[in-house]
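Structural overview for review
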Amino acid sequence: MHIDIDRDVCIGAGQCALTAPDVFTQDDDGYSTLLPGREDGGDSPLLREAARACPVSAITVSQTVG
């Protein structure tokens, strides 16, 4: 999986970190970021749900080809 967080769109609502805390966290400014080593989502079953939970659609999840 490829996860992209548009930091220009993110408002720091934290819904991603609440939904998939094994993948997302918030940085010191409160914006969404990926946990180290979880850049591919780590097979989290809640990854896509976390992207859908974002109120401003700042997170995109796509399949990696290869």
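Residues numbered from 1 in each chain as written. Predicted model: local features only at pLDDT ≥ 70, side-chain atom pairs only at ≥ 80, totals over all residues. Heavy atoms only, no water.

Where an unreviewed UniProt entry is consulted, the chain appears under the name Ferredoxin, with the organism given as Streptomyces dubilierae. Entered under Cofactor (unreviewed entry) in the UniProt record, the comment concerning the chain runs "[3Fe-4S] cluster". If you open the UniProt record of the chain and go to Function (unreviewed entry), you find "Ferredoxins are iron-sulfur proteins that transfer electrons in a wide variety of metabolic reactions." (UniProt positions renumbered as here; feature names shortened; annotations may be inferred.)

Under the criterion given, the structure shown has 3 salt bridges. Salt-bridge contacts for Asp22 lead to Arg38; the nearest nitrogen and oxygen are separated by 3.6 Å. Taken together, the positions of Asp22 in the loop between helix H1 (15-19) and strand S2 (24-26) and Arg38 in the loop between strand S3 (32-34) and helix H2 (47-53) put the pair 16 residues apart, joining distant regions of the chain. Here Asp22 falls in the partly exposed class, since its relative accessible area comes to 31%. Residue Arg38 is classed as partly exposed on the basis of its relative accessible area of 24%. Of the charged contacts in the structure, one is a salt bridge between Glu49 and Arg52, with a shortest N-O distance of 3.2 Å. Linking Glu49 with Arg52, this pair stays in helix H2, spanning 3 residues, or about one helical turn. (Salt bridge = Lys/Arg side-chain N within 4 Å of Asp/Glu carboxyl O. Helix = DSSP H or I, 4+ residues; strand = E, 2+ residues; numbered from the N terminus. Buried < 20%, exposed > 50% of the residue type's maximum accessible area, 1.4 Å probe, protein only.)

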